[in-house]
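# Breakdown of the fold
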Amino acid sequence: MEKIRDFFKIIKDVLTYPIVNGEKVDITAGTFLTIIIAVVVVTYLLKIVHKVVTSKLPEEDKNKFISIFGFLKYLSYIMVILVILHSSGVNLTVLLTASAALFVGLGFALQYLFQDIISGILIILDQSLHVGDIIEVDEKVGRVFEIRLRTTRALTRDDRVIIIPNHKFLTDSIYNYTQNSKITRESVKVGVAYGSDIDLVTKLLLEVAQEQKGVLKTPKSFVLFEDFGDSSLLFSINFYTYDSFGEPKIKSAMRYNMDAKFRTHNISVPFPQRDLHIIQQGPFQHIPVGKTASNNEN
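Residues numbered from 1 in each chain as written. Predicted model: local features only at pLDDT ≥ 70, side-chain atom pairs only at ≥ 80, totals over all residues. Heavy atoms only, no water.

What describes two packed helices is the angle between their axes and the distance between those same axes. Helix α9 (residues 247–264) packs onto helix α8 (residues 198–211) with a crossing angle of 140° between their chain directions and a minimal axis gap of 10 Å. Our classification of the angle between α8 and α9 gives oblique. The crossing of α8 and α9 is right-handed. Mapping the contact onto sequence places Val201, Leu204, Leu205, Glu207, Val208, Ala209 and Glu211 in α8 and Met254, Asn257, Met258, Lys261 and Phe262 in α9. Of the residues contributing to the contact of α8 with α9, the split by class is eight nonpolar, one polar and three charged. (Axes fitted to C-alpha atoms, helices over the stretch in contact; angles between N-to-C directions. Helix = DSSP H or I, 4+ residues; strand = E, 2+ residues; numbered from the N terminus. Parallel < 35°, antiparallel > 145°, perpendicular 65-115°, else oblique. Left-handed = near helix turned anticlockwise from the far one by under 90°. Contact = heavy atoms within 4.5 Å. Nonpolar A, V, L, I, M, F, W, Y, C, P; charged D, E, K, R; others polar.)

Here it is in structure tokens:
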């Protein structure tokens, strides 16, 4: 029994061995050991929670949860450490007061970081943005392929990656082409010469839409007589597509087909024309070559 008591006494002495021994801060080896055990337990519990939650999520939402989970993991570690220190008798007020100046400096330095993180959490929670959405930011169109806690990444039409800080989605106006539906309506505008058969023009434009790959049959395409322009009658063919990201290629192919059909049916696409009127205020003065106006008058 005596050996057992001596063994426990040694363990107690080791655990109560002061590592930091101050007037208001006292941290022992037992405190550090408790923190290590708590971190291991929290890590294990978080892995279980992560596995349970992600198993029920769609594939596109898993990356969103992983971002939130990473933030919550570090927040949990901080909270556990603070609770253990407080329970061990460490005066946290002293530590916070001593590092107040450091926190102020970090606050100014990290304000945009936390702004992006909070914005990322709000984006993920309110489902305002999804992987695969087509967005327009700073006049650039891109397809979202990754939503992180601090940034969102999108692939532009010229195969370049644009990295967007998440706070932009809350502070700036961002166009989301596919927020309501994956189907978007696009249009191609064209002007034809005055005197053209507008019924024939309408028919040809509808044929172009019907023949174009990538244009949906339902909803049906339709033609609008936009306006009477300065040099032409303005029309637009409006169509629906699933591929709003690749719509420049679709529009280009439709313009090729329009030009071919218009040539076949003798419909011209005019260029701007202007009439120049010269108003003569008085008789023109003829000045012989090699002489100036002053010499002529003499």
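Summarising the sheet, strand β9 (residues 222–228) and strand β10 (residues 233–241) pair through six bridges and their orientation is antiparallel. Across the sheet, the residue bridging to leucine 224 is serine 236, located in β10. Turn length for the β9-β10 hairpin, with the two strands adjacent in sequence and antiparallel, is four residues. (Pairing = 2+ DSSP bridges.)

Here we have three strands laid out as an open sheet, ordered β8-β10-β9, and antiparallel in their pairing. Among the strands making up the open sheet, the edge pair consists of β8 (184–192) and β9. Along the sheet, successive strands turn relative to each other by an average axial angle of 25°, direction set aside. Against the sheet, α9 contacts β8 and β10, and its axis sits at roughly 30° relative to β8.

Take the packing of aromatic side chains next. In the structure shown here, the tally under the stated rule is two aromatic pairs. Note on phenylalanine 225 and phenylalanine 235: the rings are 4.5 Å apart at their centroids and 20° apart in plane angle, and the pair reads as stacked. Separated by 10 residues along the polypeptide, phenylalanine 225 in strand β9 and phenylalanine 235 in strand β10 bring together distant segments of the chain. Three or more aromatic residues joined by ring pairs form one cluster here, namely Phe225, Phe228 and Phe235. (Phe/Tyr/Trp six-rings, centres within 6.5 Å; stacked < 30°, edge-to-face > 60°.)

An order of β6-β5-β4-β3-β7 is seen for the five strands of this open sheet, with the pairing classed as antiparallel. Two strands bound the open sheet, and with one partner strand each, they are β6 (161–165) and β7 (175–176). Note: strand β3 (residues 134–137) against β7, two bridges, orientation antiparallel. Directly across from isoleucine 135, in β7, lies its bridge partner asparagine 176.

What follows is about the side chain of threonine 178. Structurally, threonine 178 is set in the loop between β7 and β8. A distance of 3.3 Å separates a polar atom in the side chain of threonine 178 from a polar atom in the side chain of aspartate 133. Within the structure, threonine 178 has its side chain in polar contact with the backbone nitrogen of isoleucine 134 (distance 3.0 Å). (Polar contact = N/O pair within 3.5 Å; in protein donor to acceptor, adjacent residues only side chain to side chain.)

These figures come from the coordinates and say nothing about function on their own.
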